[in-house]
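For reference, the chains in residue letters:
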Amino acid sequence: MSTPSSTPYGPSVHTLELLPAVDVRDGQAVRLVHGESGSETSYGDPLEAALNWQRAGARWLHLVDLDAAFGTGDNRDRIAEVARAMDIEVELSGGIRDDASLAAALATGCRRVNLGTAALETPEWVAKVIAEHGDRIAVGLDVRGTTLRGRGWTRDGGDLYETLARLDSEGCARYVVTDINKDGTLKGPNLELLRNVCSVTDRPVIASGGVSSLDDLRAIATLVPEGVEGAIVGKALYAEAFTLEEALEAVSS
Ligand SMILES: O=C(O)c1ccccc1N[C@@H]1O[C@H](COP(=O)(O)O)[C@@H](O)[C@H]1O
(Lines give C-alpha, C1' and ligand atoms only; values in the text may rest on other atoms or scores of the structure.)
Protein backbone atom coordinates (compact mmCIF):
# COMPACT_ATOMS: atom_id res chain seq x y z
CA MET A 1 0.00 0.00 0.00
CA SER A 2 2.95 2.35 0.26
CA THR A 3 3.07 4.69 -2.70
CA PRO A 4 5.35 3.37 -5.46
CA SER A 5 7.19 5.83 -7.65
CA SER A 6 9.81 4.72 -10.11
CA THR A 7 12.94 6.76 -10.60
CA PRO A 8 15.18 6.92 -13.67
CA TYR A 9 18.10 5.81 -11.47
CA GLY A 10 16.96 2.54 -10.01
CA PRO A 11 14.19 0.50 -8.47
CA SER A 12 10.95 1.94 -7.20
CA VAL A 13 11.02 3.86 -3.96
CA HIS A 14 8.14 3.77 -1.54
CA THR A 15 6.80 6.44 0.72
CA LEU A 16 5.03 5.76 3.97
CA GLU A 17 1.25 5.73 3.52
CA LEU A 18 -0.64 7.74 6.13
CA LEU A 19 -4.03 6.57 7.34
CA PRO A 20 -5.92 9.18 9.37
CA ALA A 21 -8.23 7.47 11.84
CA VAL A 22 -11.92 7.98 12.46
CA ASP A 23 -13.02 5.89 15.46
CA VAL A 24 -16.77 5.97 16.05
CA ARG A 25 -18.48 5.57 19.41
CA ASP A 26 -22.13 6.45 20.05
CA GLY A 27 -22.25 7.94 16.57
CA GLN A 28 -19.41 10.39 17.27
CA ALA A 29 -15.78 10.54 16.15
CA VAL A 30 -13.71 9.96 19.30
CA ARG A 31 -10.19 9.27 20.48
CA LEU A 32 -9.44 6.98 23.42
CA VAL A 33 -6.38 6.72 25.66
CA HIS A 34 -4.85 3.20 25.74
CA GLY A 35 -8.10 2.08 24.07
CA GLU A 36 -9.90 2.31 27.41
CA SER A 37 -13.66 2.57 27.33
CA GLY A 38 -14.67 5.77 29.14
CA SER A 39 -11.53 7.71 28.14
CA GLU A 40 -13.21 9.21 25.07
CA THR A 41 -12.64 12.73 23.81
CA SER A 42 -15.32 13.56 21.24
CA TYR A 43 -14.53 15.23 17.92
CA GLY A 44 -18.02 15.48 16.46
CA ASP A 45 -19.48 14.12 13.26
CA PRO A 46 -17.45 11.18 11.85
CA LEU A 47 -18.48 11.95 8.27
CA GLU A 48 -17.24 15.50 8.61
CA ALA A 49 -13.95 14.26 10.08
CA ALA A 50 -13.49 11.72 7.29
CA LEU A 51 -14.28 14.25 4.56
CA ASN A 52 -11.85 16.62 6.20
CA TRP A 53 -9.00 14.05 5.97
CA GLN A 54 -9.98 13.26 2.38
CA ARG A 55 -9.93 16.97 1.43
CA ALA A 56 -6.51 17.31 3.09
CA GLY A 57 -5.07 14.72 0.71
CA ALA A 58 -5.35 11.36 2.50
CA ARG A 59 -5.38 8.33 0.21
CA TRP A 60 -6.64 6.03 2.96
CA LEU A 61 -9.05 6.26 5.88
CA HIS A 62 -8.79 3.98 8.94
CA LEU A 63 -12.40 3.66 10.13
CA VAL A 64 -13.26 1.89 13.40
CA ASP A 65 -16.57 0.90 14.95
CA LEU A 66 -15.54 1.10 18.60
CA ASP A 67 -18.92 0.04 19.98
CA ALA A 68 -18.74 -3.13 17.91
CA ALA A 69 -15.18 -3.75 19.14
CA PHE A 70 -16.24 -3.28 22.79
CA GLY A 71 -19.50 -5.19 22.38
CA THR A 72 -21.56 -2.15 23.43
CA GLY A 73 -23.71 -2.07 20.29
CA ASP A 74 -22.61 -0.88 16.91
CA ASN A 75 -22.48 2.09 14.54
CA ARG A 76 -22.93 -0.03 11.46
CA ASP A 77 -25.21 2.38 9.55
CA ARG A 78 -23.07 5.41 10.37
CA ILE A 79 -19.88 3.55 9.44
CA ALA A 80 -21.41 2.39 6.14
CA GLU A 81 -22.50 5.95 5.40
CA VAL A 82 -18.95 7.24 5.96
CA ALA A 83 -17.30 4.42 3.98
CA ARG A 84 -19.68 4.91 1.05
CA ALA A 85 -19.11 8.68 0.98
CA MET A 86 -15.35 8.32 0.58
CA ASP A 87 -13.58 8.58 -2.78
CA ILE A 88 -10.41 7.32 -1.10
CA GLU A 89 -9.58 3.79 0.11
CA VAL A 90 -11.07 2.71 3.43
CA GLU A 91 -9.94 0.07 5.90
CA LEU A 92 -12.66 -0.92 8.31
CA SER A 93 -12.25 -2.38 11.83
CA GLY A 94 -14.28 -3.28 14.87
CA GLY A 95 -16.62 -6.17 15.53
CA ILE A 96 -15.93 -8.06 12.30
CA ARG A 97 -16.07 -11.55 13.74
CA ASP A 98 -18.37 -13.74 11.63
CA ASP A 99 -19.79 -14.16 8.13
CA ALA A 100 -22.61 -11.65 8.63
CA SER A 101 -20.43 -8.85 10.04
CA LEU A 102 -17.76 -9.50 7.40
CA ALA A 103 -20.32 -9.42 4.57
CA ALA A 104 -21.78 -6.16 5.91
CA ALA A 105 -18.31 -4.62 6.20
CA LEU A 106 -17.22 -5.64 2.69
CA ALA A 107 -20.56 -4.45 1.27
CA THR A 108 -19.72 -0.88 2.30
CA GLY A 109 -17.19 -0.86 -0.54
CA CYS A 110 -14.23 -0.61 1.82
CA ARG A 111 -10.94 -1.79 0.32
CA ARG A 112 -10.17 -4.08 3.24
CA VAL A 113 -11.13 -5.02 6.78
CA ASN A 114 -9.00 -5.53 9.88
CA LEU A 115 -9.86 -8.51 12.06
CA GLY A 116 -8.84 -8.41 15.72
CA THR A 117 -10.70 -10.61 18.19
CA ALA A 118 -11.62 -13.17 15.54
CA ALA A 119 -7.95 -13.87 14.81
CA LEU A 120 -7.54 -14.80 18.47
CA GLU A 121 -10.80 -16.63 19.16
CA THR A 122 -11.90 -18.21 15.88
CA PRO A 123 -8.69 -18.96 13.96
CA GLU A 124 -10.36 -21.50 11.62
CA TRP A 125 -12.87 -18.89 10.46
CA VAL A 126 -10.07 -16.35 9.93
CA ALA A 127 -8.05 -18.86 7.88
CA LYS A 128 -11.15 -19.49 5.77
CA VAL A 129 -11.84 -15.80 5.07
CA ILE A 130 -8.18 -15.12 4.32
CA ALA A 131 -8.36 -17.89 1.71
CA GLU A 132 -11.61 -16.44 0.32
CA HIS A 133 -10.83 -12.73 0.32
CA GLY A 134 -7.04 -12.46 0.07
CA ASP A 135 -5.72 -8.97 0.64
CA ARG A 136 -9.13 -7.59 1.54
CA ILE A 137 -8.40 -9.15 4.95
CA ALA A 138 -5.77 -7.74 7.30
CA VAL A 139 -5.27 -8.68 10.92
CA GLY A 140 -4.95 -6.14 13.70
CA LEU A 141 -2.30 -7.28 16.16
CA ASP A 142 -3.10 -5.21 19.24
CA VAL A 143 -0.49 -5.85 21.92
CA ARG A 144 0.58 -5.04 25.42
CA GLY A 145 4.20 -6.12 25.53
CA THR A 146 4.03 -9.23 23.36
CA THR A 147 0.58 -10.33 24.54
CA LEU A 148 -2.30 -9.87 22.13
CA ARG A 149 -5.55 -8.34 23.38
CA GLY A 150 -9.06 -8.83 22.03
CA ARG A 151 -12.67 -7.87 22.83
CA GLY A 152 -12.01 -4.13 22.96
CA TRP A 153 -8.50 -4.85 24.25
CA THR A 154 -9.93 -6.15 27.52
CA ARG A 155 -8.85 -9.81 27.23
CA ASP A 156 -5.56 -11.55 26.65
CA GLY A 157 -5.45 -13.52 23.43
CA GLY A 158 -2.11 -15.25 23.19
CA ASP A 159 1.43 -14.57 22.10
CA LEU A 160 2.12 -12.06 19.32
CA TYR A 161 4.84 -14.08 17.59
CA GLU A 162 3.06 -17.44 17.73
CA THR A 163 -0.09 -15.88 16.28
CA LEU A 164 1.89 -14.06 13.62
CA ALA A 165 3.58 -17.29 12.52
CA ARG A 166 0.20 -19.01 12.27
CA LEU A 167 -1.36 -16.16 10.28
CA ASP A 168 1.66 -15.96 7.97
CA SER A 169 1.31 -19.67 7.24
CA GLU A 170 -2.37 -19.11 6.43
CA GLY A 171 -1.51 -16.40 3.91
CA CYS A 172 -2.54 -13.30 5.85
CA ALA A 173 -1.69 -10.37 3.55
CA ARG A 174 -1.04 -7.57 6.01
CA TYR A 175 -0.86 -6.66 9.70
CA VAL A 176 -1.87 -3.56 11.61
CA VAL A 177 0.35 -3.48 14.70
CA THR A 178 -0.87 -1.41 17.64
CA ASP A 179 1.04 -0.89 20.86
CA ILE A 180 -1.84 -0.40 23.30
CA ASN A 181 0.45 1.24 25.84
CA LYS A 182 1.14 3.98 23.30
CA ASP A 183 -2.28 4.33 21.69
CA GLY A 184 -3.89 7.75 22.18
CA THR A 185 -1.04 8.95 24.40
CA LEU A 186 1.02 11.11 22.01
CA LYS A 187 4.11 9.42 23.48
CA GLY A 188 5.75 8.34 20.24
CA PRO A 189 5.52 5.05 18.33
CA ASN A 190 7.09 1.78 19.48
CA LEU A 191 9.75 1.50 16.80
CA GLU A 192 11.34 -1.54 18.43
CA LEU A 193 8.07 -3.48 18.26
CA LEU A 194 7.65 -2.54 14.58
CA ARG A 195 11.21 -3.62 13.81
CA ASN A 196 10.72 -6.90 15.66
CA VAL A 197 7.49 -7.68 13.80
CA CYS A 198 9.05 -6.80 10.44
CA SER A 199 11.98 -9.10 11.20
CA VAL A 200 9.73 -12.16 11.48
CA THR A 201 7.27 -11.56 8.62
CA ASP A 202 7.58 -10.57 4.98
CA ARG A 203 4.04 -9.13 4.97
CA PRO A 204 3.50 -5.36 5.03
CA VAL A 205 2.94 -3.79 8.42
CA ILE A 206 0.84 -0.74 9.29
CA ALA A 207 2.07 1.06 12.41
CA SER A 208 -0.49 2.24 14.93
CA GLY A 209 -0.25 4.00 18.26
CA GLY A 210 1.61 6.91 19.77
CA VAL A 211 2.34 9.21 16.83
CA SER A 212 2.79 12.68 18.29
CA SER A 213 4.93 14.67 15.86
CA LEU A 214 6.22 14.94 12.33
CA ASP A 215 9.52 13.52 13.61
CA ASP A 216 7.65 10.40 14.79
CA LEU A 217 6.33 9.97 11.26
CA ARG A 218 9.79 10.47 9.80
CA ALA A 219 11.11 7.85 12.23
CA ILE A 220 8.42 5.35 11.15
CA ALA A 221 9.24 6.18 7.51
CA THR A 222 12.82 4.97 8.08
CA LEU A 223 11.30 1.50 8.62
CA VAL A 224 9.72 1.34 5.15
CA PRO A 225 12.67 -0.70 3.80
CA GLU A 226 12.10 -3.17 6.66
CA GLY A 227 8.43 -3.64 5.75
CA VAL A 228 6.43 -0.85 7.37
CA GLU A 229 4.00 0.27 4.74
CA GLY A 230 1.85 2.81 6.53
CA ALA A 231 1.07 4.62 9.75
CA ILE A 232 -2.27 5.31 11.37
CA VAL A 233 -2.52 8.81 12.78
CA GLY A 234 -5.26 9.69 15.22
CA LYS A 235 -4.90 11.83 18.32
CA ALA A 236 -2.09 13.99 16.91
CA LEU A 237 -4.30 15.15 14.05
CA TYR A 238 -7.34 15.78 16.25
CA ALA A 239 -5.19 17.60 18.82
CA GLU A 240 -3.74 19.66 15.94
CA ALA A 241 -0.12 18.75 16.73
CA PHE A 242 0.33 19.07 12.97
CA THR A 243 -1.90 19.13 9.92
CA LEU A 244 -2.40 16.19 7.59
CA GLU A 245 -0.92 18.27 4.77
CA GLU A 246 2.25 18.76 6.85
CA ALA A 247 2.34 15.05 7.67
CA LEU A 248 2.00 14.04 4.01
CA GLU A 249 4.77 16.45 3.10
CA ALA A 250 7.01 15.13 5.90
CA VAL A 251 6.88 11.54 4.62
CA SER A 252 7.00 12.28 0.90
CA SER A 253 10.31 11.31 -0.65
O1 LIG B 1 -8.78 1.70 17.77
C2 LIG B 1 -8.97 1.73 19.01
O3 LIG B 1 -8.71 2.74 19.71
C4 LIG B 1 -9.52 0.50 19.67
C5 LIG B 1 -9.68 0.52 21.04
C6 LIG B 1 -10.19 -0.59 21.67
C7 LIG B 1 -10.55 -1.70 20.92
C8 LIG B 1 -10.40 -1.72 19.56
C9 LIG B 1 -9.88 -0.63 18.90
N10 LIG B 1 -9.71 -0.57 17.55
C11 LIG B 1 -9.64 -1.56 16.57
O12 LIG B 1 -10.76 -2.44 16.57
C13 LIG B 1 -10.36 -3.61 15.90
C14 LIG B 1 -10.66 -4.83 16.72
O15 LIG B 1 -12.01 -5.11 16.68
P16 LIG B 1 -12.45 -6.65 16.85
O17 LIG B 1 -11.64 -7.15 17.99
O18 LIG B 1 -12.11 -7.30 15.56
O19 LIG B 1 -13.88 -6.54 17.15
C20 LIG B 1 -8.85 -3.58 15.73
O21 LIG B 1 -8.52 -3.22 14.41
C22 LIG B 1 -8.46 -2.46 16.70
O23 LIG B 1 -7.23 -1.91 16.32
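Bear in mind the structure is a predicted one, so any value in this text is a computation, not a measurement.

**Section: the site of the ligand**
Close to the ligand lie 18 residues, the nearest being Asp23, Gly95, Arg97, Gly116 and Thr117. In this structure, Asp23 approaches the ligand through a side-chain N or O atom, which is 3.2 Å from an oxygen atom. At a separation of 2.9 Å, an oxygen atom of the ligand approaches a polar backbone atom of Gly116. Protein burial of the ligand: of its 500 Å² of free accessible surface, 96% is covered by the chains.

**Focus on helix α3 (residues 76-85)**
Turn by turn, an α-helix covers 3.6 residues, leaving residues three or four places apart pointing in a common direction. Within the sequence span of α3, burial applies to Ile79, Ala80, Val82 and Ala83. Seen end-on, α3 carries its buried residues on one side only, within an arc spanning 165°. Exposed residues pointing more than 90 degrees away from the buried face of α3 are listed as Asp77 and Arg84. In this structure, the buried residues of α3 make contact with β3 (17-25), α1 (46-55), β6 (60-65) and β7 (89-93).

**A short note on the confidence of the model for the protein chain**
Mean pLDDT for the protein chain: 94, with 95% of residues reaching 70 or above. Every residue in residues 5-12 is under pLDDT 50, and counting partners more than four places away or in other chains gives 4 contacts. Model confidence for the complex: the whole-complex pTM is 0.94, and ipTM, which rates the interface, is 0.95.

**Things to note about the pairing of β6**
Where burial is concerned, most of β6 is hidden: 6 out of the 6 residues are buried. Residues Trp60, His62 and Val64 point to one face of β6 and Leu61, Leu63 and Asp65 to the other, with burial holding for every one of them. Relative to β7, β6 runs parallel, the two being bridged by 5 bridges. Considered in β7, the bridge of Leu61 is made with Val90.

**Thoughts on the packing of aromatic side chains**
One pass over the structure, following the stated rule, counts 2 aromatic pairs. Ring geometry for Tyr43 versus Tyr238: centroids 4.7 Å apart, planes at 45°, classification tilted. Note that Tyr43 is positioned in the loop between β5 (41-42) and α1 and Tyr238 in helix α10 (residues 235-238), a separation of 195 residues in sequence. Taking the relative accessible area as the measure of exposure, Tyr43 reaches 27% and is therefore partly exposed. Taken together, a centroid distance of 5.4 Å and an interplanar angle of 90° make the contact between Trp53 and Tyr238 edge-to-face. Within this pair, whereas Trp53 is found in helix α1, its partner Tyr238 is found in helix α10, the two being separated by 185 residues in sequence.

**Here's the deal with unusual backbone geometry**
Unusually for a residue other than glycine, Arg151 sits at a positive phi of about 50°. Its place among the elements puts Arg151 in the loop between β10 (147-150) and β11 (155-159). The phi torsion at Leu186 lies on the positive side, around 60°, for a residue other than glycine. If you trace the backbone, Leu186 turns up in the loop between β12 (175-179) and α8 (191-200). Residue classification places Leu186 among the partly exposed positions, given a relative accessible area of 33%.

Calculation rules
- Residues numbered from 1 in each chain as written.
- Predicted model: local features only at pLDDT ≥ 70, side-chain atom pairs only at ≥ 80, totals over all residues.
- Heavy atoms only, no water.
- Near = heavy atom within 4 Å.
- Polar contact = N/O pair within 3.5 Å; in protein donor to acceptor, adjacent residues only side chain to side chain.
- Areas by Shrake-Rupley, 256 points an atom, 1.4 Å probe, with all protein chains shown as cover.
- Buried < 20%, exposed > 50% of the residue type's maximum accessible area, 1.4 Å probe, protein only.
- Helix = DSSP H or I, 4+ residues; strand = E, 2+ residues; numbered from the N terminus.
- Arc of directions from axis to C-beta.
- Contact = heavy atoms within 4.5 Å.
- pLDDT = per-residue confidence, 0-100.
- Pairing = 2+ DSSP bridges.
- Phe/Tyr/Trp six-rings, centres within 6.5 Å; stacked < 30°, edge-to-face > 60°.

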